[in-house]
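Residues per chain are reported as follows:
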Amino acid sequence: MTQHTIAGQAVTMPVQIRTADQHMAMFSVDADAAQRMIDYSGLQVCRYRPGKAVVILMLMRYVDGDLGQYLEYGTNVMVNPPGSTASGLRALQSAGAFIHHLPVDQAFTLEAGRKIWGYPKVMADFTVRDGRQFGFDVSIDGRLAVGMEFRPGLPVPSVFTSKPQVHPTYSHLDGVTRETAGQMRLFGVRYRLGGARLTLGDHPYAKELAALGLPKRAFISSSAANVQMTFGDAKEIA
């Protein structure tokens, strides 16, 4: 069992997230453009179709967990495990999420994310719109990066989503690429074909997303009323 000191407080591994909710949308984008965006990581995008990769845009609201309460937006690119050149739909089953953008709204989780896992966390301002249609905006340094609106999906029985799922995430910070294994359980899940509208602002993050061909129609969107997660220390990838 390891410990990290963050802002004068001890964080004991593994970190537990007991209550959170999630909204996410998956987009099919040009694989070469996605590869150029993440080339710095040394990882390879998962080409699930010829010339196509998957980008996931998501908002997490952490309610009860070891890092406190906070909001977090992520731009995630699905990548092959290090050393793999797999392609096709089956390759997505073993793919992990490379975290390219990760703005948050609290200083404690920012320091923890950068120091423990090498996540590219930056401070941002969030506006969340709850209602029949959920929406949010993320602004950094006073400039809009991303806005999204979600239409409600169809409920999925928990028997299909509440079993523990293990997914690797990858990050790159200060010249080092890292892999973090995490376990996740989802409750109150809803899925919808399409169902998400993306707006891009004038922040550099938005320009990177525009270079992928966004905004465009999501091929699927989802929400989860509760997400429970456990994740340990990151390991460096040579």
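Residues numbered from 1 in each chain as written. Predicted model: local features only at pLDDT ≥ 70, side-chain atom pairs only at ≥ 80, totals over all residues. Heavy atoms only, no water.

Asker: Teacher, can you tell me more about helix H1 (residues 31-38) here?
Answerer: Along an α-helix, residues three or four positions apart point the same way, because every turn accommodates 3.6 residues. Of all eight residues that make up H1, six are buried, and the element is covered over most of its length. Among the residues of H1, those classed as buried are Ala31, Ala33, Ala34, Gln35, Met37 and Ile38. The inward-facing, buried residues of H1 abut strand S3 (15-30), strand S4 (52-65), strand S5 (70-79), strand S6 (96-104) and helix H4 (204-210). The backbone nitrogen of Asp32 has a side-chain oxygen 3.2 Å away, supplied by the residue at the start of H1, namely Asp30. (Buried < 20%, exposed > 50% of the residue type's maximum accessible area, 1.4 Å probe, protein only. Helix = DSSP H or I, 4+ residues; strand = E, 2+ residues; numbered from the N terminus. Contact = heavy atoms within 4.5 Å. Polar contact = N/O pair within 3.5 Å; in protein donor to acceptor, adjacent residues only side chain to side chain.)

Asker: Just to check I follow, could you spell out the sheet that holds strand S10 (residues 143-150) for this structure?
Answerer: Strand pairing in a sheet relies on backbone hydrogen bonds. The paired strands run either parallel or antiparallel. Across the sheet, which stays open at both edges, the four strands sit in the order S8-S9-S10-S14 with antiparallel pairing between neighbours. Every other strand in the sheet has two partners, leaving strand S8 (125-129) and strand S14 (196-200) as the edge strands with one partner each. Neighbouring strand axes in the sheet, compared pairwise and without regard to direction, differ in orientation by 10° on average. Bridge analysis of S10 against S14 gives five bridges, and the strand direction is antiparallel. Bridge pairing in S14 places Gly147 opposite Thr199. (Pairing = 2+ DSSP bridges. Axes fitted to C-alpha atoms, helices over the stretch in contact; angles between N-to-C directions.)

Asker: In this structure, what is going on with the nonpolar core? I would like to understand it.
Answerer: Within soluble globular proteins, side chains that are nonpolar generally end up buried alongside one another. Among the nonpolar cores identified, the biggest contains 39 residues, and Phe27, Leu57, Tyr73, Met148, Leu212 and Leu214 are the most heavily contacted of them. For this core, the secondary-structure elements that each account for two or more residues are S3, H1, S4, S5, strand S9 (134-140), S10, S14 and H4. It is H1 that provides the largest number of residues to this core, a total of five residues. Those residues in contact with Met148 that lie beyond four places of it in its chain are Ala25, Phe27, Leu57, Arg129, Phe134, Gly135, Phe136, Asp137, Ala196, Arg197 and Leu198. Counting 38 residues, the second-largest nonpolar core is a separate cluster that includes Ala20, Tyr62, Ala91 and Ile99. (Core = buried A, V, L, I, M, F, W, Y, C linked by side-chain atoms within 4.5 Å.)

Asker: Please explain the layout of surface pockets as it appears in this structure.
Answerer: Rolling a probe over the atoms, with the probe sized like a water molecule, indicates the empty space that remains. Taken as a whole, the second largest pocket encloses approximately 170 Å³ of empty space. Those elements that place two or more of their residues in the lining of the second largest pocket are strand S13 (176-192) and strand S15 (220-231). Split into classes, the residues belonging to the lining of the second largest pocket amount to four nonpolar, six polar and five charged. (1 Å grid on protein atoms, 1.4 Å probe; cavity = no way out; pocket = protein on both sides within 12 Å on 5 of 7 lines; lining within 4 Å. Points joined across faces, edges and corners; volume = space filled by probe spheres on them. Nonpolar A, V, L, I, M, F, W, Y, C, P; charged D, E, K, R; others polar.)

Asker: Any chance you could explain the pairing of S10 here in plain terms?
Answerer: Across a regular strand the side chains alternate sides, sitting on one face of the sheet and then on the other. Counted residue by residue, S10 has six buried out of eight residues, so it is predominantly covered. With antiparallel pairing between neighbouring strands as the criterion, S9 and S10 make up a hairpin whose turn holds two residues, including Asp141 at a positive phi of roughly 55°.

Asker: Quick question: what am I supposed to make of the pattern of salt bridges here?
Answerer: Should the charged atoms of two oppositely charged side chains come close, the side chains can pair. A full pass over the atoms with the stated rule returns nine salt bridges. A salt bridge links Asp130 to Arg61, with the nearest nitrogen and oxygen atoms 2.9 Å apart. A residue pair is termed long-range when its members are at least 10 positions apart, and Asp130 in the loop between S8 and S9 and Arg61 in strand S4 qualify at 69 residues. Notably, a salt bridge pairs Glu149 with Arg129, separated by 2.7 Å at the nearest N-O pair. (Salt bridge = Lys/Arg side-chain N within 4 Å of Asp/Glu carboxyl O.)

Asker: Where do I start with unusual backbone geometry in this structure?
Answerer: Put simply, Met13 and Pro14 share a cis peptide bond, and its omega is 0°. Summarising the element assignment, Pro14 is placed in the loop between strand S2 (9-12) and S3. Although it is not a glycine, Asp141 sits at a positive phi angle of roughly 55°. Here Asp141 is to be found in the loop between S9 and S10. Given a relative accessible area of 73%, Asp141 falls into the exposed group. A positive phi angle is found at Asp174, which is not glycine, with a value near 55°. In this structure, Asp174 sits in the loop between strand S12 (165-173) and S13. Among the residues examined, Asp174 registers a relative accessible area of 70% and is labelled exposed.

By themselves these figures say nothing about function.
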